[in-house]
Structures are given as structure tokens and as C-alpha cells.
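# A structural walkthrough
If you want the building blocks of each chain, they are given just below.
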Amino acid sequence: MSQISAAQVKQLREITDAPMMDCKKALVECAGDLDKAIEHLRQKGLSKAVKKADRVAREGVVALSVDTHQAIMLEINSETDFVAKNDHFKALVSKSLEVAKSQGVESVESLYKASVEGQSYESYLHGAIAKIGENIVVRRLAHVNTEAKEVVHAYLHANHRVGAIVKIAHQDPKHTESLRELARQIAMHAAAMKPVVLDYHSFSPEFIAQEQLALVAELEKENEELKRLGKPLKHIPTYVSRAQLTPALLQAQEEAFKQELKDQGKPEKIFDKIIPGKMERFIADNTLLDQRLTLLGQFFVMDDKKTIAQVLEEKSTQLQDRLNISAYVRFEVGEGIEKKQEDFAAEVAAQIS
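Before going into details, it helps to say that this report is about the structure given with it.

### Observations regarding the sheet that holds strand β5 (residues 137-145)
Taking strand neighbours across the sheet as the criterion, the 3 strands line up as β1-β2-β5 in an open arrangement whose pairing is antiparallel. Every interior strand has two partners, whereas the edge strands, β1 (59-66) and β5, have only one. For this sheet, the mean inter-axis angle between neighbouring strands, taken without regard to orientation, is 10°. Looking at chain direction, strand β2 (residues 70-78) and β5 are connected through 8 bridges and run antiparallel. Of the residues in β5, the one forming a bridge with Asn77 is Val137.

### Examining helix α11 (residues 247-263)
Taking 1.5 Å per residue, 17 residues should reach 24 Å; α11 reaches 24 Å between its end C-alpha atoms and fits that length. All buried positions along α11 are accounted for by Leu249, Leu250, Phe257 and Leu261. In an axial view of α11, the angular spread of the buried residues amounts to 120°, which keeps them on one side of the axis. The exposed residues of α11 that point more than 90 degrees off its buried face are Ala248 and Asp263.

### Re helix α12 (residues 271-285)
Counted at 1.5 Å a residue, the expected span for α12 with its 15 residues is 21 Å, and the 21 Å between its end C-alpha atoms agrees. Listed as buried for α12 are Phe271, Ile275, Met279, Phe282 and Ala284.

### Section: the environment of Ile136
Topologically, Ile136 is positioned in the loop between α8 (121-132) and β5. Counting along the chain gives 11 residues from Ile136 to Leu125, while the straight-line C-alpha distance between them is 7.9 Å. In contact with Ile136, other than residues within four places in its own chain, are Ile76, Asn77, Phe89, Leu92, Leu125 and Ile129.

### What about the packing of helix α9 (residues 176-193) against helix α14 (residues 308-319)?
Their axes nearest at 12 Å, the elements α9 and α14 cross at an angle of 170°. When the axes of α9 and α14 are compared, the pair comes out roughly antiparallel. Contacts between α9 and α14 pair Leu179, Leu182, Ile186 and His189 from the former with Ile308, Val311, Leu312, Lys315 and Leu319 from the latter. Tallied by class, residues from the contact of α9 with α14 come to 7 nonpolar, 1 polar and 1 charged.

### Examining the layout of surface pockets
Where empty space is left can be seen by rolling a probe of water-molecule size over the atoms. Taken as a whole, the largest pocket holds about 610 Å³ of empty space. Lining the largest pocket we find 21 residues, and of these Arg242, Ile283, Thr307, Ala309 and Gln310 sit closest to its centre. If you list the elements that add at least two residues to the lining of the largest pocket, you get α12, α13 (288-293), β9 (303-307) and α14. The greatest single-element share of the lining of the largest pocket, amounting to 5 residues, is contributed by α12. Per-class residue counts for the lining of the largest pocket are 6 nonpolar, 8 polar and 7 charged.

### Overview of the nonpolar core
Leu74, Phe89, Leu111, Tyr121, Ile136 and Val138 are the most contacted members of the largest nonpolar core, which has 28 residues in total. Breaking this core down by element, the ones donating at least two residues are β1, β2, α5 (81-84), α6 (87-102), α7 (108-113), α8 and β5. Excluding its chain neighbours within four sequence positions, the residues that come into contact with Leu74 are Val61, Val62, Ala63, Ser96, Leu97, Leu111, Val138, Arg140, Leu141 and Phe331. Counting residues in hydrophobic clusters, the runner-up holds 20 residues, among them Ala187, Leu295, Leu323 and Ile325.

### Some points on the sheet that holds strand β7 (residues 162-169)
Ordered in space as β6-β7-β10, the 3 strands form an open sheet in which the pairing is antiparallel. Pairing within the sheet leaves two strands with one partner each, and these edge strands are β6 (150-156) and β10 (324-332). Sheet twist, expressed as the mean angle between neighbouring strand axes with direction ignored, is 10°. In this structure, β6 lies alongside β7, joined through 7 bridges in antiparallel fashion. The partner of His153 across the bridge, within β7, is Val166. Running over the sheet, α9 touches β6, β7 and β10 and is turned about 35° from β6.

### As for the pattern of salt bridges
In total, this model carries 23 salt bridges according to the counting rule given. Residues Lys95 and Glu117 are paired through a salt bridge, measuring 3.7 Å at the closest nitrogen-oxygen approach. Highlighted residues: Lys95 in helix α6 and Glu117 in the loop between β3 (115-116) and β4 (119-120), separated in sequence by 22 residues. With its nearest N and O atoms 3.9 Å apart, the salt bridge here joins Lys174 to Asp172. Overlapping salt bridges, with partners in common, bring together Glu75, Arg139, Arg140, Arg330, Glu332 and Glu335 in one network.

### So, the pairing of β9
Here strand β8 (residues 299-300) runs beside β9; their pairing, made up of 2 bridges, is antiparallel. Bridging across to β9, Phe300 finds its partner in Asp303. Linking β8 to β9, which pair antiparallel, is a turn of 2 residues.

Analysis parameters
- Residues numbered from 1 in each chain as written.
- Predicted model: local features only at pLDDT ≥ 70, side-chain atom pairs only at ≥ 80, totals over all residues.
- Heavy atoms only, no water.
- Pairing = 2+ DSSP bridges.
- Helix = DSSP H or I, 4+ residues; strand = E, 2+ residues; numbered from the N terminus.
- Axes fitted to C-alpha atoms, helices over the stretch in contact; angles between N-to-C directions.
- Expected span 1.5 Å × (residues − 1).
- Buried < 20%, exposed > 50% of the residue type's maximum accessible area, 1.4 Å probe, protein only.
- Arc of directions from axis to C-beta.
- Contact = heavy atoms within 4.5 Å.
- Parallel < 35°, antiparallel > 145°, perpendicular 65-115°, else oblique.
- Nonpolar A, V, L, I, M, F, W, Y, C, P; charged D, E, K, R; others polar.
- 1 Å grid on protein atoms, 1.4 Å probe; cavity = no way out; pocket = protein on both sides within 12 Å on 5 of 7 lines; lining within 4 Å.
- Points joined across faces, edges and corners; volume = space filled by probe spheres on them.
- Core = buried A, V, L, I, M, F, W, Y, C linked by side-chain atoms within 4.5 Å.
- Salt bridge = Lys/Arg side-chain N within 4 Å of Asp/Glu carboxyl O.

Everything listed here is a matter of coordinates, which is why it stays silent on function.
This is the structure we're talking about:
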């Protein structure tokens, strides 16, 4: 029989909250291997910490660490907002971020296998769950590194529930510092405006078609109310994404505007001053889906007359450089997690069984 120390039993007890003798037996059967002993107790139904994993964790925080070379962002969920403010939970979040940064962790799976205080992170987390008394889940992890001619910056909202990372690629190293500030401003924009993807290239034709039907129906419904109130109606777009505006279609629209100006008797020498503005308006009117869901298609909160894409183009011209966003990540606590609904009687029965 393997010699098991009191310290090992105490550690397993703290992690699983299982009875002391069961902890000792598990360690003996698993030859002192802590992770195997935790799994052994889980299979025996004795680990209270792991039992908590059945409960939905949709509160919590976003944690962020950023420097000139990298940005790391975690979403760590708890069951209640109250526990998310607990000092033990805050310590867990801080340690998780420290481990991810110091060990170059790239994914949640890698984090769980990382080493912390002489044990795996997964075991460390189980110990925190037992101590805090709620299920806790590291839901997402983003680790964005920079290479030559790239800058990264990020923004974490004061409530620690929303964070965003933006990386900008460029050509001239002398612009690095000023571009870090631009990346920070765009990250702030993303945190507030909730773009889902970087640009329209992420949309499939099927998705665009589906969203166009919904968007048009929404606008038509709004127009019914505006008409009733005697207010100007909203434009119903023919298209909703830049993905639909092919070069041939844009060329045809430009020719249509030229013909319109000719019919109005406008001299051709001023066409070049009028057409660009008309085309810009046409694109804005027919990219509503991009404006809602894409970072590059949204109008910048710090200059609402330009999209993020136009801001980058303007900055490129100003610096005589070539800029593009090469990475974008946004986390918001609990997004996409359905809250578990339980019958009250079943909940009571589950607690007393």
C-alpha cells in the first residue's frame, strides 16, 4: 500500500469536499496521484465540488492583461453575480490570468492542464469551487500575440463584464505607438457597439438572405408606426451587405447616377464632385447588416460620419502606410448561455434526495 501523507489527504479534501476517509482511500487506490483521486471520487459520487459542475454558470467576469507584445482575455463564469464579487473568486480570476500569461496558454484546454501551486490548474479550480460553493467555469480564453509590424491593444469595461482586443497590422515601425492608441479606441468602440465579426467576409450567402428578410420586415413594421405618426419613413434597402455589392453592380449604379445628373441638366465637369458622395450614401444605405454586426462596417463612435474601415483608410493615407485589423476578439459575460429553467417542485426534490 502506498504511503499517503496527511498533507495529501488534506489537499484532496479541500479540493473535493469529500469525507476524510474517502479521500485517503482514493489516494491509496490511485497511488497518490491527485488528479486520478479526484476523478475516482467523482465516479463514486463523493466529490461535492465536481457535482456543482451540473449547475449553470452564466454570471462572472471578463479578465484582461495587455502589454506591447500580447493581450490575454478570459471569461470566467460563476452561478451568481454575488459570488463574482467575492474575494476568493477575485483571487481565482487573478491567478488564472497570471498562469495564462506566464505559461503562454493559448486555449481553455491548455489552461486546465497548466501547472499551478504544485498541481494541475483543473485541480486548483476544483479546490476553488469547493471553497467558494458555486460552479465556476473558465468559458473562453483569447491570447493575441504581435509579430513584427503589428500592434495590439485592448479595453475592459469598468464593470468587468465586457472586453475587446484589437490588433492592427502596418508597414512602418515608426507608427507603432500612435497605432496602439488607435487600436485602443477601436477596442472601446467594439466593447460598446457589439460587433459580432470583423467584416462581411464572415457571412455566408444563406445568412445574408435570411437576415435581409428579417431586417426588411423590421423596417416595414417600423414604417407602419411612422406613417401612423405622420413622420418620415425609413428607407427599405435593396441590399444589406457589402458582400452583395459586386464591382459590376457598383459600376452600374455609378452610371445610373451619371444619367440622373445628365437628365437634371448638370454639367459633366462637376460629376466628379457629386458622384462620390452619392455612391458613399448608396453603400451606406445598402450595408445595414454590416453596420449592425461587423466591426469594419460600423460607424466609428468617435467620428460617426466614417465607418471603421474608412477610418483605417484615412489613417493609412495620412501616415502613408497600409493598415488593417488583423485580429479582433470581444467577450461579454454570459452571452449565448441559456439560463437553466427548472420546475420548482423538481428543484426541491433534487435538494432533499
